[in-house]
Amino acid sequence: MTVVDTPGTVEPAPRPHARQAPAEGRDRRRTELAEYLRARRARVSPEDVGLPPGLRRRTPGLRREEVAQLAGVGVTWYTWLEQGRRINASAQVLTAVARVLLLDATEREHLFRLAGVAVRPPAGPDPVLDPSTQLILDALAPLPAAVSNSRYDVLAWNSPYAALFATSRTRTTDGRFNSLWCTVTGPDCCNPFLNRTEQLPQMVAVLRGAYGRHVGEPAWEEYLRSLLAASAEFRELWARQEVASRRTAPKVFRHPLVGVMRMNAAYLTIPGVPEAYVAVYTPDGPQDRARIEELAALPPGGWTAPCGHAPTGSTD
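Cut-off values and rules
- Residues numbered from 1 in each chain as written.
- Predicted model: local features only at pLDDT ≥ 70, side-chain atom pairs only at ≥ 80, totals over all residues.
- Heavy atoms only, no water.
- Phe/Tyr/Trp six-rings, centres within 6.5 Å; stacked < 30°, edge-to-face > 60°.
- Helix = DSSP H or I, 4+ residues; strand = E, 2+ residues; numbered from the N terminus.
- Lys NZ or Arg CZ within 6 Å of the ring centre and 35° of its normal.
- Salt bridge = Lys/Arg side-chain N within 4 Å of Asp/Glu carboxyl O.
- Core = buried A, V, L, I, M, F, W, Y, C linked by side-chain atoms within 4.5 Å.
- Buried < 20%, exposed > 50% of the residue type's maximum accessible area, 1.4 Å probe, protein only.
- Contact = heavy atoms within 4.5 Å.
- pLDDT = per-residue confidence, 0-100.

> Honestly, the packing of aromatic side chains in this entry has me stumped. Any pointers?
Geometrically, a pair of aromatic rings is defined through the distance of the ring centres and the angle of the planes. For the coordinates displayed, the defined rule picks out twelve aromatic pairs. Here the aromatic rings of Tyr 267 and Tyr 277 are separated by 5.6 Å at their centres, their planes lie at 75 degrees, and the arrangement is edge-to-face. Of the two residues, Tyr 267 is situated in strand S5 (residues 259-269) and Tyr 277 in strand S6 (residues 276-283); the sequence distance between them amounts to ten residues. Through pairs of rings, three or more aromatic residues link up here, namely Tyr 161, Phe 165, Phe 193, Phe 253 and Tyr 281. Geometry around Trp 238 places Arg 208 over its ring, the cationic atom sitting 3.7 Å from the centre. Over the ring of Tyr 267 we find Arg 246; its NZ or CZ atom is 5.8 Å from the centre of that ring.

Given below as structure tokens:
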């Protein structure tokens, strides 16, 4: 069945009392959508979707007309979508495009967000955590645990977590901590992640997915500008347009007093606190458990804050 969407449809007038993104945010979202579509199209080969490879392909991946044909939309309309023009796309058409580009569930959700379909309202200031949250974090000791938001700002933590990240900690003037910032800007000698090359691409892909909900928001845009300016490695990973969801993953940490610890990170949501989650690090084996207990037993002096070398302007 052919899916029909009228090329060049302009954006309708806003409904009364509807929450609307600023014009700058909508323009930035369309730019992100265009870049994302081009990047995803480049990774799909003709053979992946049952087409012959063809000759003289100057660029990798599918051609625009091939995506349009397979999705059942007009070539002009799809071209305009990739160019970031002011047209609207229905959920039906986006689903067809996602199918052709072989997007998984997380990538498809990101596509919908960038296209303005079922976009969640912009987030406000940092959530106010219930006092019981800190009690829960402390009760999880000796397991390192912390509460973070979707921007990797660390909002609360227990003492084992503070000790785990103490070698790379730097407190900002506003007291904010950000684990991604310390991971991409800290020197290798002081970085607590031993498997950093495996973890960092995943962290950036998760950030990209979260960014889809906040394109154009000043705090997020300033945060990204700071990261892009500070790290060539981050710029390269960000340009990949990879999107992922947060998932349980093995992590390898090192500590100058305790040694190497292999852990598994589990993520728990907090009801009533959007985009905040609890990260709990559990030992991979008995030796790791012993070293985590040794970490938790370290004296508090000098081990009271996690890595926090966050960029200026990363707060709202």
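Picking up where we left off.
> Looking at this structure, how should I read the pattern of salt bridges?
Pairs may arise between side chains of opposite charge once their charged atoms sit close together. Summed over the entire model, instances satisfying the criterion amount to 16 salt bridges. Arg 40 is the partner of Glu 242 in a salt bridge, and the nearest nitrogen-oxygen pair spans 3.7 Å. Taken together, the residues Glu 242 in the loop between helix H11 (232-239) and strand S4 (249-255) and Arg 40 in helix H1 (residues 23-42) connect sequence positions 202 residues apart. Between Glu 222 and Arg 225 there is a salt bridge, and its shortest N-O distance comes to 3.2 Å. With Glu 222 and Arg 225 both in helix H10 (residues 218-230) and three residues apart, the pair spans about one turn of that helix. Within this structure, Arg 40, Arg 43, Glu 107 and Glu 242 form a network of salt bridges that share partners.

> What exactly am I supposed to notice about the nonpolar core here?
If you look at soluble globular proteins, the nonpolar side chains tend to sit buried side by side. One finds Tyr 78, Leu 180, Leu 207 and Phe 234 to be the most contacted residues of the largest nonpolar core, which totals 69 residues. Of all the elements, helix H9 (residues 196-211) adds the most residues to this core, at eight residues. Setting aside residues no more than four positions away along its own chain, Leu 207 makes contact with Ser 150, Arg 151, Tyr 152, Leu 180, Trp 220, Tyr 223, Leu 224, Leu 227, Phe 234 and Trp 238. One finds Leu 143, Ala 145, Val 273 and Ala 276 within the second-largest nonpolar core, a separate group that totals ten residues.

> Explanation requested: the confidence of the model for the protein in the structure shown.
Low pLDDT means the predicted coordinates in that region are not meant to be read closely. In this model, the protein carries an average pLDDT of 82, and 80% of its residues clear a pLDDT of 70 or more. Low pLDDT, under 50, characterises residues 1-21; the predicted model gives this stretch 35 contacts beyond four residues in sequence or across chains. For residues 309-316, every residue scores under 50 in pLDDT, and the model assigns this stretch 27 contacts once sequence neighbours within four places are set aside.

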